[in-house]
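So you can see what is in the structure, the chains are spelled out below.
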Amino acid sequence: MDCLFCAIIAGDIPSRQVYADDAAVAFLDISPWHAGHTLVVPRRHVADVLSQPEALSEIAPAINATSRLLTQRLGADGLNVLINSGATSGQEVFHLHAHLIPRYADRPGMAALMEREADIDLDAVHRRILGQA
Ligand code: 5GP
Ligand code: ZN
């Protein structure tokens, strides 16, 4: 199967992983809206949450653990959890993923959610999440 996130989970495509458990893997989004924007994906291939809603409970522990990790390590003031389901919703990668988007007081509110911050250093953010900086 030709799936980008299956290839990332298999390690065939590199990613900046921040958390993993038996059911899910979490890695930094390559084009973050805010520093620490992370995707949580089930290890098994699930196209979207509408077709297999039970997959949501499988990744829930990883969503919880990763949310705590991101907010604590990055000092975020809030967090958006977003799951697109279907092309009409804006889903572009058809392997279920929850966007975890840490939010900071200097850019608050829903209107600023998808306004990409320029020049986020992904490697530096990754080190901070892993407690290496
Ligand atoms: P969607 O629109 O499907 O909900 O979100 C897909 C997300 O995957 C986007 O935010 C996009 O930046 C991210 N993405 C696309 N290709 C890659 C990649 O190769 N690596 C990583 N880490 N994220 C990716
Ligand atoms: Zn997949």
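Rules of the game
- Residues numbered from 1 in each chain as written.
- Chains lettered and ligands numbered in written order.
- Predicted model: local features only at pLDDT ≥ 70, side-chain atom pairs only at ≥ 80, totals over all residues.
- Heavy atoms only, no water.
- Donors = N, O, S within 2.8 Å, 3.2 Å for Na, K, Ca; no water.
- Tetrahedral: all angles 85-135°; square planar, octahedral: opposite > 155°, others 65-115°.
- Buried < 20%, exposed > 50% of the residue type's maximum accessible area, 1.4 Å probe, protein only.
- Near = heavy atom within 4 Å.
- Polar contact = N/O pair within 3.5 Å; in protein donor to acceptor, adjacent residues only side chain to side chain.
- Areas by Shrake-Rupley, 256 points an atom, 1.4 Å probe, with all protein chains shown as cover.
- Helix = DSSP H or I, 4+ residues; strand = E, 2+ residues; numbered from the N terminus.
- Pairing = 2+ DSSP bridges.
- Axes fitted to C-alpha atoms, helices over the stretch in contact; angles between N-to-C directions.

Peer 1: Tell me about the coordination of the zinc ion (ligand 2), residues and numbers included.
Peer 2: At the metal site, the zinc ion (ligand 2) is ligated by Cys3 (SG), Cys6 (SG), His45 (ND1) and His95 (ND1), and these contacts range over 2.0 to 2.3 Å. If you look at the zinc ion (ligand 2), its four donor atoms make angles of 105 to 117° with each other, and the shape they trace is tetrahedral. Of the residues examined, His45 reaches a relative accessible area of 28% and is grouped as partly exposed.

Peer 1: Hey, could you go over the site of ligand 1 for me, with residue numbers and the actual values?
Peer 2: For ligand 1, the set of nearby residues contains 16 residues, the closest of which are Asp29, Asn84, Glu92, His97 and His99. At a separation of 3.3 Å, a nitrogen atom of ligand 1 approaches a polar backbone atom of Ile30. The contact in question runs from an oxygen atom of ligand 1 to an N or O atom on the backbone of Gly90, over 2.9 Å. Isolated, ligand 1 exposes 530 Å² of accessible area, and the fraction of that covered by the protein chains is 84%. Looking at the shell around ligand 1, the elements that each hand over two or more residues are helix H1 (4-10) and strand S2 (24-28).

Peer 1: Which residues make up the sheet that holds strand S5 (residues 98-103), and what are the values?
Peer 2: As summarised here, the arrangement of the five strands in space is S1-S2-S3-S5-S4, forming an open sheet in which the pairing is antiparallel. Across the chains shown, the open sheet's two edge strands, defined by having one partner strand only, are strand S1 (17-20) and strand S4 (78-82). The sheet shows a mean angle of 20° between the axes of neighbouring strands, taken without regard to direction. The sheet contact formed by strand S3 (residues 38-42) and S5 spans three bridges and is antiparallel. Bridging from a neighbouring strand, Leu39 pairs with His99 of S5.

Peer 1: Summarise the side chain of His37; cite the residues concerned and give the values.
Peer 2: Mapped onto the elements of the fold, His37 is located in the loop between S2 and S3. Owing to a relative accessible area of 1%, His37 belongs among the buried residues under this scheme.

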